[in-house]
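Descriptive analysis of the structure
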Amino acid sequence: MPKLSRSGTSESATNSATPRSPTDGGVPASLADPSLPLPRLMVFDLDYTLWPYWVDTHPTPPLKANAAHTAATDRYGESFAFYDDVPSILQHLPRGASAPIKLGVASRTSATAIARDLLKMLHVPGQKAPRRAGDVFDAGMEIYPGSKIRHFETLQRRTGVAYEDMLFFDDESRNLETEKLGLTMRLVRDGVSWAEIEKGVEEWRKRRGHKNN
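Just so it is clear, the model here is predicted, and its values are computed rather than measured.

This paragraph deals with the environment of H151. Tracing the backbone shows H151 in helix α5 (residues 148–159). With relative accessibility at 0%, the residue H151 sits in the buried group. Counting along the chain gives 46 residues from H151 to V105, while the straight-line C-alpha distance between them is 8.7 Å. Not counting the four nearest positions on each side in its chain, H151 is found in contact with A106, S107, R108, E142, I143, Y144, P145 and G146.

Structure below.
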């Protein structure tokens, strides 16, 4: 799908970098190496992180999923989907890495209902059958306005995962305030891709005193 700019105009691309989807259908080697540690919880923002639009300004309800549940169209026929690598990431990260990884969402959008509807309509591949994207986030989805400090405090209480074992992907620098809690945030500029996942894990490892091979 064409990427929507932050002003609402159409751009050509999804992730600006070349997609790094693993050719073997699994995670990159840097995440599958059992000798290297991984975060126990990875958390994702939604707008311009998992998908290339703002849900509170770009889609106009009602939304309807296509037959394959890879995209949804709004009242005016505009199409809304994830960034290219995201379905593969959500499919493989929880089970394909060298250690189990929980997934969560932290979004401050005011269009909570639309965001949750899209996460039901958009499906990702599964071991036996496609799954609703929202069902992949076993750590929970915190989707409401306000400081993301609150989002992470809730995620921490729910999961019991220490902040130091969390890795967060977000496109807004103001949300770097969450690092005061002890977690690591990877600031993304063109959405989440496998390359961004690897870079985020590298940053997390460095902060934990581990060197990548």
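Now that the structure is up, let's keep going.
Approximately 160 Å³ is the volume found for the largest pocket. Around the largest pocket, the lining residues are D45, D47, W54, D56, T57, S107, R108, T109, D171, E172 and R174. For the lining of the largest pocket, the class distribution of residues is 1 nonpolar, 3 polar and 7 charged.

What follows concerns α5. For an α-helix, the turn length of 3.6 residues means that residues three or four places apart are oriented alike. When the terminal C-alpha atoms of α5 are compared, their 16 Å separation across 12 residues agrees well with the 16 Å that a helix rising 1.5 Å per residue should span. Those residues of α5 that fall on the buried side of the exposure criterion are K148, I149, H151, F152, T154, L155 and T159. Where α5 is buried, its residues touch β3 (41–44), β7 (102–107), β10 (140–143) and β11 (166–170). Put simply, S147 is the residue that caps the front of α5, since its side-chain oxygen is 3.1 Å from the backbone nitrogen of I149. G160 occupies a position one or two residues after α5 and carries a positive phi of about 75 degrees.

One open sheet holds the 3 strands; their spatial order is β4-β5-β6, and the pairing between them is antiparallel. Either end of the sheet is taken by a strand with one partner, and the two such strands are β4 (64–65) and β6 (79–80). Two elements, strand β5 (residues 72–73) and β6, share 2 bridges in a ladder whose sense is antiparallel. Paired with T73 across the two strands is S79, which belongs to β6.

Read across the sheet, 5 strands follow the order β10-β7-β3-β11-β12 without closing on themselves; strand pairing throughout is parallel. The sheet is open, and its two edges are formed by β10 and β12 (184–187), each paired on a single side. Each neighbouring strand pair of the sheet contributes to a mean axis angle of 20 degrees, computed without reference to strand direction. Here β3 pairs with β7 via 4 bridges, running parallel. When the bridges of β7 are listed, F44 appears paired with V105. Along the sheet face, helix α6 (residues 194–207) touches β3, β11 and β12 and points at about 145 degrees away from the line of β12.

Evaluation of the coordinates by the stated rule reveals 6 aromatic pairs. Consider the rings of W51 and Y53, whose centres lie 5.4 Å apart with planes at 10 degrees: the pair is stacked. For the pair W51 and Y53, one class covers both residues: buried. Taking the centre distance of 5.9 Å and the plane angle of 15 degrees together, the rings of W51 and F82 count as stacked. Separated by 31 residues along the polypeptide, W51 in the loop between β3 and β4 and F82 in the loop between β6 and α2 (86–96) bring together distant segments of the chain. Joined through ring pairs, the aromatic side chains of W51, Y53, F80 and F82 make up one cluster.

As enumerated under the stated definition, the model contains 9 salt bridges in all. For E142, the salt bridge goes to R158, with nearest N and O atoms at 2.7 Å. Of this pair, E142 sits in strand β10 while R158 sits in helix α5; the two residues are 16 residues apart in sequence, bridging distant segments of the chain. When the shortest N-O distance is used, the salt bridge between R174 and E172 registers 3.2 Å.

Conventions used here
Residues numbered from 1 in each chain as written. Predicted model: local features only at pLDDT ≥ 70, side-chain atom pairs only at ≥ 80, totals over all residues. Heavy atoms only, no water. Helix = DSSP H or I, 4+ residues; strand = E, 2+ residues; numbered from the N terminus. Buried < 20%, exposed > 50% of the residue type's maximum accessible area, 1.4 Å probe, protein only. Contact = heavy atoms within 4.5 Å. 1 Å grid on protein atoms, 1.4 Å probe; cavity = no way out; pocket = protein on both sides within 12 Å on 5 of 7 lines; lining within 4 Å. Points joined across faces, edges and corners; volume = space filled by probe spheres on them. Nonpolar A, V, L, I, M, F, W, Y, C, P; charged D, E, K, R; others polar. Expected span 1.5 Å × (residues − 1). Polar contact = N/O pair within 3.5 Å; in protein donor to acceptor, adjacent residues only side chain to side chain. Pairing = 2+ DSSP bridges. Axes fitted to C-alpha atoms, helices over the stretch in contact; angles between N-to-C directions. Phe/Tyr/Trp six-rings, centres within 6.5 Å; stacked < 30°, edge-to-face > 60°. Salt bridge = Lys/Arg side-chain N within 4 Å of Asp/Glu carboxyl O.

Nothing here speaks to function; it is all geometry.
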